[in-house]
Amino acid sequence: MTAALRFDPIRLPEKCEQLRKEVRAFLAEEIAAGTFDPHKPNREDTDAPEFSRRVGAKGWLGMTWPKKYGGQERSFLERYVVTEEMRVANAPTRRFFVADRQSGPVLIKYAPEHIKMDILPRICRGEICFAIGMSEPNSGSDLFAAKTRATKTDGGYLINGTKIWTSSAHIADYMIAIFRTSQPTNENRRHGLTQFLVKMKQPGIQVNPIGQITGQYEFNEVVFTDFFVPDDHVLGEVDGAWKQATSELAYERSGPERFLETYYVLTELVRAVGPNPDTRSAEGIGRLVAQLHTMRRMSVSVAGMLQAGKEPVVEASIVKDIGTVWEQQLPHRVRDLAAFVEETATNRETLERQLDFAIKTAPKLTIQGGTTEVLRGIIARGLGLR
Amino acid sequence: MAESDNIVVETAEKIFADLADPQTVNNDKKDSWQAPLWQALSEAGLPLAWVPDDLGGSGASLADGFALLNAAGRFAVAVPLAETMLAGWLLAQAKIASPEGEMTVLPASPKDRITRDADGALSGRARGVPFAKAAKHFAVLAHGKDGASIALVDASKARIETGLNVGYDHSDTVTLNKVQPVTVKPAPDGFDQTTMMLMGGVARSLQIAGALESMLDISVRYSNERVAFEKKISKFQAVQHNLARLAGESAAALAAATSAADAIANAKSFDDAVYLEAASAKIRCAEAAEKGGAIAHQVHGAIGFTLEHILHRYSLRALAWRDDFGSESHWAVELGKLIANRGADELWPLVASR
């Protein structure tokens, strides 16, 4: 048989269910206190500093990290539960999510000890926000094409160039970015990229917001002009960032955030349809729930593989591919079914507002964590086709 | 379940490889492979895998039996193995011993009903009953005044109108007209036709997932052999992306089916959570059969359309299995009603409970 694409039916352990109750209770309190409205996804949630601190105080940031850095040394599956409950509740997580999922683990692996001791506990307390500087104008998923240069100088590097599509750069305290330190070689076109820790809000960085068709501002263009980065802010191997960047991607690609981005319209449809749906609504909801359940079981299965120390690159790409297509189509399927919702449905306005926002959100979902085409290329490689 | 890591599956895979090789079977126009295959499966105790020792079976676990069905799907096995297993399982629910030989279950559609008179005779019609023509006995779920009961029926007492499903396997209409069963006993508390349909649906889901694994396998292999425009077609990005999507459908089907099998194997009762798992598996696997099968044929071009090629053994069966024990549209409506009835705020807790 071909590549054994196994998705063993991992079940979340009992302590995850206890944790889930705690997270739900916390979120219910926050909603009651007016921190956020779970029915309004179309808010500016990049700046929710107090919420971030309260999540940190609960011990839900850096959950899997060593205790000496402020972490909890809990399992990847426990983190999974926190992530999905936050996502489903529409909690304002953008301020801390990137640091918690990606930046912190990169620092743990590649930063010098004094930087880890300085920054990681602050991430765990929900005090700081990270951005990721990968894409550039005319590069995007094609990381080899990155041109922004880091030129060696006394005690560090001078950065010149532009990063783009950088989520949260306007509020970020730090960015982990990839810059070109030398040219690719004939033998290895992946050579020459280096990962750096960049302290934002300093001279030499200009952050220009890019408006989105949803009406929000979340992406940015970040322009570096003779921006200085000290030597101890190099992360890992000089010229060897490619494999550092790719090894983290299974974590970025298979989590619950990869199929739940527009989930809220499904809940709202069920609410609008009421307890006695017609056949068409019932069938539509049934199919969507079956698809959701299946993806979640796949996603939990990948989480189990990660917890077991495996590197399920192909499996994670499959979850992201199917998840992205699903969360992109979901608003349109819900729209189909919402055409039959009674005028009298009490949440009709909420549903319509959500649909408007979700339909506008859908086109961007392919980009984050790798485009659908890039993911299918990875899956094809896993099948032995390239 | 993709790898044979238990003795039941290992035994089955060896028998399938020796006696049910799809290419050999496909070339054999006289069906002379069927009798030796059935005999070998019977000698290994596989058709009665789910029947306890004291009721005449081999007493394998539910989990092992499900893994066996997945393996049967990988070989597109076209003898009533799944049906006899389901029949034995159904009879065992009422502590009825299983006879030797081929069996099937009825009804096989959620819409059909078999009723039981006051004097114990069974009447009713069941359509789309897989392999009814080949069965020596039927395991029947019947409804009477005192609730559901489970009966063993001699197949020769029934009227059978033969039919073929889209995969060219027998899918027959069985009519019982005041037939006295060999044995009849009350079904256990809470056991009803929905329970039986969900179990049958999960069996079919595992078979579909297995067939998709094989469709992916042979499609990848073919794409690495076939040369067009001076390149292996596997080097064309459009073909690669189609195969990546087929891998996704195959993986989704396997994940949904194995998760549902695991849920049933460990369930105390068929509660809403098991219902979500089993119904979702049938819905998602049927969707995968449609999407994945189409891609497999696309990759093969017209040759997959010919009877000479083995692709149809998998693709048509996967499509046909969608119809047994409730189609995906049936289960989608039922699952949608369940979700709507529980209410919007209960949707996520139900999904997250699995």
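Cut-offs applied
Residues numbered from 1 in each chain as written. Chains lettered and ligands numbered in written order. Predicted model: local features only at pLDDT ≥ 70, side-chain atom pairs only at ≥ 80, totals over all residues. Heavy atoms only, no water. Helix = DSSP H or I, 4+ residues; strand = E, 2+ residues; numbered from the N terminus. Polar contact = N/O pair within 3.5 Å; in protein donor to acceptor, adjacent residues only side chain to side chain. Contact = heavy atoms within 4.5 Å. Phe/Tyr/Trp six-rings, centres within 6.5 Å; stacked < 30°, edge-to-face > 60°. Buried < 20%, exposed > 50% of the residue type's maximum accessible area, 1.4 Å probe, protein only. Axes fitted to C-alpha atoms, helices over the stretch in contact; angles between N-to-C directions. Parallel < 35°, antiparallel > 145°, perpendicular 65-115°, else oblique. Left-handed = near helix turned anticlockwise from the far one by under 90°. Nonpolar A, V, L, I, M, F, W, Y, C, P; charged D, E, K, R; others polar.

1. A closer look at the side chain of B:Ser234
Here's step 1: Tracing the chain through its elements places B:Ser234 in the loop between β10 (231-232) and α7 (237-265).
Here's step 2: Within the local environment of B:Ser234, its side chain forms a polar contact with the side chain of B:Asn224, the two groups lying 2.7 Å apart.

2. Observations regarding the environment of A:Val270
Here's step 1: Following the sequence through the fold, A:Val270 ends up in helix α8 (residues 264-273).
Here's step 2: For the pair formed by A:Val270 and A:Ser281, sequence separation is eleven residues and the distance between their alpha carbons is 8.9 Å.
Here's step 3: Once residues lying within four places of it in the same chain are set aside, the contact partners of A:Val270 are A:Ile285, B:Ile339, B:Ala340, B:Gly343, B:Ala344 and B:Leu347.

3. Remarks on the packing of aromatic side chains
Here's step 1: Throughout the structure, instances matching the rule amount to 17 aromatic pairs over all chains.
Here's step 2: Taken together, a centroid distance of 5.9 Å and an interplanar angle of 75 degrees make the contact between A:Phe36 and A:Phe51 edge-to-face. Residue A:Phe36 is found in the loop between α1 (14-32) and α2 (49-57), and its partner A:Phe51 is found in helix α2; the two are separated by 15 residues along the sequence. By the burial criterion, A:Phe36 is buried, and A:Phe51 matches it.
Here's step 3: Relative to B:Phe191, the ring of B:Trp89 has its centre 5.7 Å away and its plane inclined at 45 degrees; by these criteria the two rings are tilted. You can see B:Trp89 sitting in helix α5 (residues 81-93) and its partner B:Phe191 sitting in the loop between β8 (183-186) and α6 (193-225), a full 102 residues away along the chain. By the burial criterion, B:Trp89 is buried, and B:Phe191 matches it.

4. Some details on the packing of helix α9 (residues 279-307) of chain A against helix α10 (residues 313-338) of chain A
Residue and element names in this part refer to chain A.
Here's step 1: As a packed pair, α9 and α10 sit with axes 10 Å apart at the nearest point and diverge in direction by 160 degrees. Between α9 and α10, the angle falls in the class roughly antiparallel. For the pair α9 and α10, the sense of crossing is left-handed. For the pair formed by α9 and α10, the contact residues are Arg280, Ser281, Gly284, Ile285, Leu288, Gln291, Leu292, Met295, Met298, Ser299, Val302 and Met305 on the first element and Glu315, Ala316, Ile318, Val319, Ile322, Gly323, Trp326, Leu330, Arg333, Val334, Asp336 and Leu337 on the second.
Here's step 2: In terms of residue class, the contact of α9 with α10 is made up of 15 nonpolar, five polar and four charged.

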